[in-house]
Amino acid sequence: PVAEEPPDAATPPTDTYAALLAPSNGSGALGVSVVTLDRADTSVTVELVVTGLTPEVEHASHIHGFADDSRSLLPNFRLDADADGFVEDDEGEPVVGPVILALTEDGTISNASTGLDFPDADDSGPFRLGRTYDFDESDPAQAAIFEELVDRLAGREVQVHGLFVPETEGEGTPGEVDGTAGYKNVLPVANGILLPATDAEAAQDFAALGRSLEKLLAGGSAPADSGETAEHASARHASKHHDGGEH
């Protein structure tokens, strides 16, 4: 069972949140995201680094969550309703929630799942997104999205999509994995729960992960110095925040 949240968990005294993105659907993708909320400027800044993606194609990414402010959870294979070996987008939505903000490369503000300008992975599989989304409060749709993020960022979910699937996988099933070979642009490949980055230890954890992923993006091996490895940082983060776990 998932542990109970403190009453003020949705709006802790911080405006910076971070998520470790773990692979889903056998993708091998790994990432880290830092989200900073600026209430005065009505803006949200997102840093997202992901490795292990299908190369040279667009990967949609979003912040997901529920309008009633309940927490998102990480999907697992108990949600694989059609038993094809994949938790497809619709199958995972009951625990992930709908899109709140699409993480577009050009800064467009939308809660659409597809049809926008999303980042492409490079020829070896990683991508990096760094974008500030400036909300126009006079636009009712943009104001509603910003209000959703102000109401709660802790417990929202960052999700990345897009995986090449070989022929015969999911043959005879109705989802995006249906037996045809090809790139499935809506299939989830990495998920992570946003948690408050409230202290120096949390900042060190995510700095270590960021250094490791930046090194991988540059084509080298992960750094072995800088105080602790990304593996140690990830393990410590997971142990401190186990109550945001899988469903």
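Look above for the structure.
Bear in mind the structure is a predicted one, so any value in this text is a computation, not a measurement.

It is not clear to me how the pairing of strand β7 (residues 157-165) should be interpreted in this structure. Could you clarify?
Each regular strand shows side chains that alternate between the opposite faces of the sheet. Judged by how many residues are buried, β7 sits mostly within the fold: eight of nine residues are covered. Alignment of strand β4 (residues 61-64) against β7, held across four bridges, turns out to be antiparallel. Bridge pairing in β7 places His62 opposite Gln159. As defined by bridge partners, β7 adjoins strand β8 (residues 182-193) across eight bridges and the pair is classed as antiparallel. Along β8, the bridge assignment pairs Val158 with Gly192.

How do you make sense of the environment of Ser124 when you look at a structure like this?
Tracing the backbone shows Ser124 in the loop between β5 (99-102) and β6 (127-134). Of the residues examined, Ser124 reaches a relative accessible area of 54% and is grouped as exposed. Remark: the alpha-carbon pair of Ser124 and Glu56, spanning 68 residues in sequence, is separated by 7.9 Å.

Where do I start with the nonpolar core in this structure?
Soluble globular proteins tend to pack their nonpolar side chains together in the buried interior. Core analysis: the largest hydrophobic core is formed by 37 residues, its most contacted members being Leu48, Leu101, Leu103, Phe135, Leu149 and Val160. Those elements giving two or more residues to this core turn out to be β1 (16-23), β2 (30-38), β3 (43-51), β5, β6, α2 (140-151), β7 and β8. With sequence-adjacent residues up to four places away left out, Leu48 is seen in contact with Leu21, Val32, Ser33, Ser61, Leu103, Phe127, Arg128, Leu129, Val158 and Val160. Formed by five residues, the second largest nonpolar core is a distinct cluster that contains Leu73, Leu79, Val95 and Val96.

What counts, and at which threshold
- Residues numbered from 1 in each chain as written.
- Predicted model: local features only at pLDDT ≥ 70, side-chain atom pairs only at ≥ 80, totals over all residues.
- Heavy atoms only, no water.
- Buried < 20%, exposed > 50% of the residue type's maximum accessible area, 1.4 Å probe, protein only.
- Helix = DSSP H or I, 4+ residues; strand = E, 2+ residues; numbered from the N terminus.
- Pairing = 2+ DSSP bridges.
- Core = buried A, V, L, I, M, F, W, Y, C linked by side-chain atoms within 4.5 Å.
- Contact = heavy atoms within 4.5 Å.

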